[in-house]
Amino acid sequence: AGNGEKALLSELGTLQLEFRHLTALTGKEKYADKANSVLDRMGLIQPENGLFPVYIENDKGIQPIIPRNNRLISFGAKGDSFYEYLLKVWLQGGKKEMKYREMYDKAIDGLHRSLLQSSSPSGLTYIAEMRNEKIIKKMDHLVCCMGGVLALGAYTDPNGLESDRAQRDLKTGKALTYTCYQMYSRMPTGLSPEFVYFDDENDFEAGVSHYLLRPEAVESFFILNYLTGDPAYREWGWEVFQAIERYCKTEVAFGSYPDVTDTKLLPKNELESFFFAETLKYLYLLYDPDTEIDILKKNVFNTEAHPLKMSNQLDDALSSVG
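Quick caveat, the model's predicted, so the values are computed rather than measured. (Residues numbered from 1 in each chain as written. Predicted model: local features only at pLDDT ≥ 70, side-chain atom pairs only at ≥ 80, totals over all residues. Heavy atoms only, no water.)

*Asks:* Give a description of the sheet that holds strand 3 (residues 63-65) that names residues and reports values.
*Replies:* The sheet built from three strands is open, its strands ordered 1-2-3 with antiparallel pairing. The sheet is open, and its two edges are formed by strand 1 (6-8) and strand 3, each paired on a single side. Going from strand to strand, the sheet's axes swing by 40 degrees on average, the running direction of each strand aside. (Pairing = 2+ DSSP bridges. Helix = DSSP H or I, 4+ residues; strand = E, 2+ residues; numbered from the N terminus. Axes fitted to C-alpha atoms, helices over the stretch in contact; angles between N-to-C directions.)

So, in structure tokens, the structure goes:
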């Protein structure tokens, strides 16, 4: 963003993995330096509760600042990838840059204190939004990636998987992913709406009811199945895939579905690129027992589901072709 303009939080935490990877390939530090400097400057202004608003202002184009008014905090649209990349940048760098892990843990502590909610009557766990300290009982499908992120953070916690913090995050990740599964299974089509509103009588109802073939839920199914081995995540993934096949498949490809509460409609004549890059990829990996992907020791997925090598693996690969 230019002088005096606002930037989206998700924009500020979306390119770090890619630019750091580019530095490793080219030997030119400028790419990593520029990307890292964004996170470093954000670290200087991280609020006490760890949670950034989705709009960040510029101070004369030099230093980001937190806006005073109309502060919306969300792990969904406009904010999601920032928190994901705090963890993944730390993993990509071989767990050496603790400042990024500390920023991530501070944010997740804030998530648990301020945003984590439970629905009625079923007690479904969800991450609400907050505007100017007031809770908004809404959750985007985009938030569903956090189930996997929380689980990955737990399994790589510097304090160990059995620590209280890791066990808290794993429990939340599992519970959140179950809620995301319910966002699919409770709809007549078996497809999830773009977001849901939670209430005190029926757990939740569809907000914007179209389905854009989004990947976040199956992404978390893959990560949790990989880490825990629980076959339930494969069963849920298969249900989602069957619903996509039934309601979104066309003669030549797949299309977004206009209303997940209505089983009598046809898919739209539009297809987002992330369906191939992410949704189908995570579904494939969910059922691939022979995958060479290793999300604990070798690979880190960027926000578009491209598996990059962690720094030690990339160094070894580059030296072997040297």
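After presenting the structure, the write-up continues.
*Asks:* Outline the sheet that holds strand 10 (residues 195-198), listing residues and values.
*Replies:* The strand order 9-10-11 describes an open sheet built from three strands, whose pairing is antiparallel. Looking along the sheet, the strands with just one partner apiece sit at the ends: strand 9 (138-140) and strand 11 (204-206). For this sheet the average axis-to-axis angle between neighbouring strands, irrespective of direction, equals 25 degrees. Across three bridges, strand 9 lies against strand 10 in antiparallel orientation. Note that in strand 10 the partner of Met-139 across the bridge is Val-196. Packed on one face of the sheet, helix 7 (residues 164-185) meets strand 9, strand 10 and strand 11 and runs near 85 degrees to strand 9. (Contact = heavy atoms within 4.5 Å.)

*Asks:* Would you mind going over the packing of aromatic side chains in detail, with residue names and values included?
*Replies:* Applying the stated criterion across every chain yields a total of 21 aromatic pairs. Residues Phe-19 and Tyr-31 carry aromatic rings whose centres are separated by 6.4 Å and whose planes lie at 75 degrees to one another, so their mutual orientation is edge-to-face. Separated by 12 residues along the polypeptide, Phe-19 in helix 2 (residues 16-26) and Tyr-31 in helix 3 (residues 29-44) bring together distant segments of the chain. Given the relative accessible area of 21%, Tyr-31 is considered partly exposed. Clustering of aromatic rings is evident, with ring pairs tying together Tyr-178, Tyr-181, Phe-221, Tyr-233 and Trp-236. Between the NZ or CZ atom of Lys-6 and the centre of the ring of Tyr-55, over which it lies, the distance is 5.7 Å. Residue placement shows Lys-138 over the ring face of Phe-195; its charged tip is 4.6 Å from the ring centre. (Phe/Tyr/Trp six-rings, centres within 6.5 Å; stacked < 30°, edge-to-face > 60°. Buried < 20%, exposed > 50% of the residue type's maximum accessible area, 1.4 Å probe, protein only. Lys NZ or Arg CZ within 6 Å of the ring centre and 35° of its normal.)

*Asks:* Explain the environment of Asp-59 to me, and be specific about the residues and the numbers.
*Replies:* Residue placement: Asp-59 occurs in strand 2 (residues 55-59). Take Asp-59: its relative accessible area is 36%, and that puts it in the partly exposed class.

*Asks:* Run through the environment of Pro-67, naming residues and quoting values.
*Replies:* The residue Pro-67 is located in the loop between strand 3 and strand 4 (72-73) in this model. By relative accessible area, which is 5% here, Pro-67 ends up buried. For the pair Pro-67 and Arg-41, spaced 26 residues apart in sequence, the C-alpha to C-alpha distance is 15 Å. Residues contacting Pro-67, with those up to four places away along its chain left out, are Pro-53, Tyr-55, Ile-56 and Glu-57.

*Asks:* Tell me what's going on with unusual backbone geometry, and back it up with residues and numbers.
*Replies:* Across the chain, the bulk of peptide bonds are trans and the bulk of non-glycine residues have phi less than zero. The amide bond that connects Ser-120 to the next residue, Pro-121, takes the cis arrangement and shows omega of 10 degrees. For Pro-121, the position within the fold is in the loop between strand 5 (116-118) and strand 6 (125-127). Although it is not a glycine, Lys-78 sits at a positive phi angle of roughly 80 degrees. In this structure, Lys-78 sits in the loop between strand 4 and helix 4 (80-92). For Lys-95, which is not a glycine, the phi torsion comes out positive at approximately 65 degrees. In this fold, Lys-95 is placed in the loop between helix 4 and helix 5 (98-115).

*Asks:* Which residues make up the pattern of salt bridges, and what are the values?
*Replies:* Counting across every chain of the model gives 15 salt bridges. Between Asp-40 and Lys-99 there is a salt bridge; the shortest N-O distance is 3.2 Å. Taken together, the positions of Asp-40 in helix 3 and Lys-99 in helix 5 put the pair 59 residues apart, joining distant regions of the chain. (Salt bridge = Lys/Arg side-chain N within 4 Å of Asp/Glu carboxyl O.)

Everything listed here is a matter of geometry and, on its own, says nothing about what the molecule does.
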